[in-house]
Amino acid sequence: MTTTPATENMIELRNVTKRYGAATVVDDVTMSVRRGSITVIVGTSGSGKSTLMRMINRLVPITSGHISVDGKDVMDVPATELRRSIGYAIQGHGLFPHRTVAQNIATVPQLLGWDKARMDRRVEELLALFRLDAATFADKYPHQLSGGQQQRVGVARALAAEPEVLLMDEPFGALDPVIRGKAQDDLLAIQRQFGTTIILVTHDMDEAFHLGDLIAVMSEGKLLQCSTPEKILTEPADPFVQQLTGTSDRALKLMSLLPLKESMQPIKPGLTYGLSETLNLRDALAEMIWQGVDEVAVENTAKAPVGSISMERLLQLGKRS
Ligand SMILES: Nc1ncnc2c1ncn2[C@@H]1O[C@H](COP(=O)(O)OP(=O)(O)OP(=O)(O)O)[C@@H](O)[C@H]1O
């Protein structure tokens with residue numbers, strides 16, 4: 001038996017346009033999203049980010065152009081089937097107020113006719129994944145949870161039926177910075193575990209740089225650039241892209257994208273202070289300034305030295321190439 005190889009791109013948008021009357025709110029957007037990657041859409045308010053994303057699961061009808069998901073034109077898939085197969089998480093989470101946490105999470109599996117044992121297993125697994133104790137939370141109602149907990153349930157619900165594609169519209173918008181950071185790290189861990197293809201809309205550029213394999217910048221309905229975070233910083237396609245990413249901390253943003261592990265120098269004996277190889281260069285620099293050291297050992301998770309890094313080398317790496 002021959003099987004068709006999975007296409008490398010999970011989502012393809014070709015010349016996608018959305019008009020409301022005379023207003024063109026998404027203007028001829030062409031973009032590809034690689035399977036198992038995270039694409040973050042940024043741009044000013046009203047630039048068409050949500051509209052673009054909502055055309056993928058057909059919550060908004062396309063005026064012209066084509067969108068395919070996993071090789072299939074979305075217009076050839078019944079809208080309800082499409083929406084059940086694509087996870088969707090929004091700011092304010094949209095939980096059903098009269099359903100418990102467990103029932104909220106099981107919404108799509110239930111619609112898909114999963115048996116009870118499988119649904120219960122999945123709910124427990126997701127609660128554990130989002131660090132919500134099942135005994136405490138499964139039977140609570142949304143109003144009994146904090147905003148952050150509700151948000152996590154919202155994302156858990158979007159992931160419940162193990163979708164290959166997850167669309168997220170400002171999913172962490174309402175969270176305070178500490179919880180937000182944790183939620184982002186949870187999402188990255190889950191994405192790595194399941195290989196989910198994610199498109200996420202945010203206003204927060206730090207979030208975009210932290211999460212995005214690609215960053216898509218929109219302005220007035222147009223897609224100005226869709227590139228890696230490094231390219232967005234070092235080769236902005238448009239003055240607006242440059243303005244959006246901010247120029248004052250460009251060096252530090254760039255350093256935050258570079259892993260220490262890939263930039264370290266050979267092991268050097270006699271260094272008394274060690275940093276984990278899992279840090280990025282910005283965090284390494286911050287720690288060295290704080291500790292007042294010019295050179296440190298780089299250590300693996302077992303605390304064995306695997307290299308070294310000097311302040312001089314760090315400063316070189318942050319320079320525009
Ligand atoms: N149903 C509609 N009818 C008419 N205009 C609409 C409709 N929905 C959205 N728009 C307009 O389309 C434009 C893009 O809206 P959209 O919500 O996609 O922007 P956005 O970039 O996601 O904005 P924000 O960051 O503020 O959420 C806006 O000017 C908005 O007013």
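The structure presented is a predicted model; accordingly, all values stated were derived computationally and were not measured.

Rules used in this analysis
Residue numbering note: each chain is counted from 1, following its sequence as written. Predicted model: local features are reported for residues with pLDDT of at least 70 only, side-chain atom pairs are reported and counted for 80 or more only, and whole-chain, interface and lining totals are derived from all residues. The secondary structure listing takes helices from DSSP runs of H or I that are at least 4 residues long and strands from runs of E that are at least 2 residues long, numbered from the N terminus. Here the globule rule reads 2.2 Å times residues to the power 0.38, and the radius of gyration is calculated from C-alpha atoms. Counts of 20 or more other C-beta atoms within 10 Å of a residue's own C-beta define buried residues, counts of 12 or fewer define exposed ones, and intermediate counts define partly exposed ones; C-beta atoms are placed from the backbone. Here, residue contact means that the backbone-derived C-beta atoms of the two residues sit within 7 Å. Residues are classed as near a molecule or strand if the C-beta position derived from their backbone is within 6 Å of it. All amino acids are sorted into three groups, where Ala, Val, Leu, Ile, Met, Phe, Trp, Tyr, Cys and Pro are nonpolar, Asp, Glu, Lys and Arg are charged, and the leftover types, Gly among them, are polar. Should DSSP find at least two bridges between two strands, the strands are regarded as paired. Where helices are involved, their axes are fitted lines through C-alpha atoms of the stretch in contact, as for all axes, and angles between N-to-C directions lie from 0 to 180°. Here, expected helix span is obtained from the residue count minus one, scaled by 1.5 Å. The arc under discussion is defined with respect to the helix axis, by the directions toward the C-beta atoms. Note that domain bounds follow an automatic or database assignment of domains. What makes a nonpolar core is a set of buried Ala, Val, Leu, Ile, Met, Phe, Trp, Tyr and Cys residues, with links drawn between C-beta atoms within 7 Å.

**Here's the deal with the overall build of the protein**
Helix and strand content of the protein: 15 helices and 13 strands. What you see for the protein is a C-alpha radius of gyration of 22 Å, in line with the 20 Å of a compact globule of 321 residues. For the protein, the spread of C-alpha atoms along the three principal axes comes to 65 × 50 × 50 Å. When burial is assessed residue by residue, the protein has 34% of its 321 residues classed as buried. Long-range pairs, those at least 24 residues apart, make up 64% of the contacts in the protein with a sequence separation of at least 6.

**Observations regarding the site of the ligand**
Neighbouring residues of the ligand: Tyr20, Val25, Gly43, Ser45, Gly46, Ser47, Gly48, Lys49, Ser50 and Thr51. In the shell around the ligand, the residues fall into two nonpolar, seven polar and one charged.

**Some remarks on the sheet that holds strand S11 (residues 274-276)**
Pairing is mixed across the open sheet formed by three strands, whose spatial order is S11-S12-S13. Every interior strand has two partners, whereas the edge strands, S11 and strand S13 (305-310), have only one. Neighbour-to-neighbour, the strand axes of this sheet turn through a mean angle of 35 degrees, independent of strand direction. Pairing analysis gives three bridges linking S11 to strand S12 (residues 295-299), with the strands arranged parallel. Of the residues in S12, the one forming a bridge with serine 276 is glutamate 299.

**Section: helix H8 (residues 177-194)**
When the terminal C-alpha atoms of H8 are compared, their 26 Å separation across 18 residues agrees well with the 26 Å that a helix rising 1.5 Å per residue should span. Listed as buried for H8 are Arg180, Gln184 and Leu187. Considered in projection along H8, the buried side chains sweep an arc of 60 degrees and stay on one side of the axis. Across H8 from its buried face, at more than 90 degrees, point the exposed residues Val178, Asp185, Ala189, Arg192 and Gln193. At its buried positions, H8 is contacted by helix H7 (147-159) and helix H9 (205-211). Remark: glycine 195 follows H8 within two positions and exhibits a positive phi of approximately 65 degrees.

**Here we look at the domain arrangement of the protein**
Taken as a whole, the protein is organised into domain 1 (9-247) and domain 2 (254-317). Computed from C-alpha coordinates alone, the two centres of domain 1 and domain 2 are separated by 34 Å.

**Quick word on the nonpolar core**
Counting 73 residues, the largest nonpolar core has Ile41, Ala156 and Leu167 as its most contacted members. For this core, the domains that each give at least three residues are domain 1 (9-247) and domain 2 (254-317).

**A word on the pairing of strand S3 (residues 38-43)**
When a strand is regular, its side chains alternate between the sheet's two faces. For S3, a buried count of six out of six residues is recorded, marking the element as mostly surrounded by other parts of the structure. Residues of S3 alternate between two faces, with Ile38, Val40 and Val42 on one and Thr39, Ile41 and Gly43 on the opposite face, all of them buried. Relative to strand S8 (residues 197-201), S3 runs parallel, the two being bridged by four bridges. Paired with isoleucine 38 across the bridge in S8 is isoleucine 198.

**Description of the environment of aspartate 28**
Tracing the backbone through its elements, the reader meets aspartate 28 in strand S2 (residues 23-34). The exposure class of aspartate 28 is partly exposed, given the 14 C-beta atoms found within 10 Å. On a C-alpha basis, the gap between aspartate 28 and glycine 65 in space is 7.6 Å, while along the polypeptide they are 37 residues apart. The residues contacting aspartate 28, other than those within four sequence positions of it, are Asn15 and Thr17.

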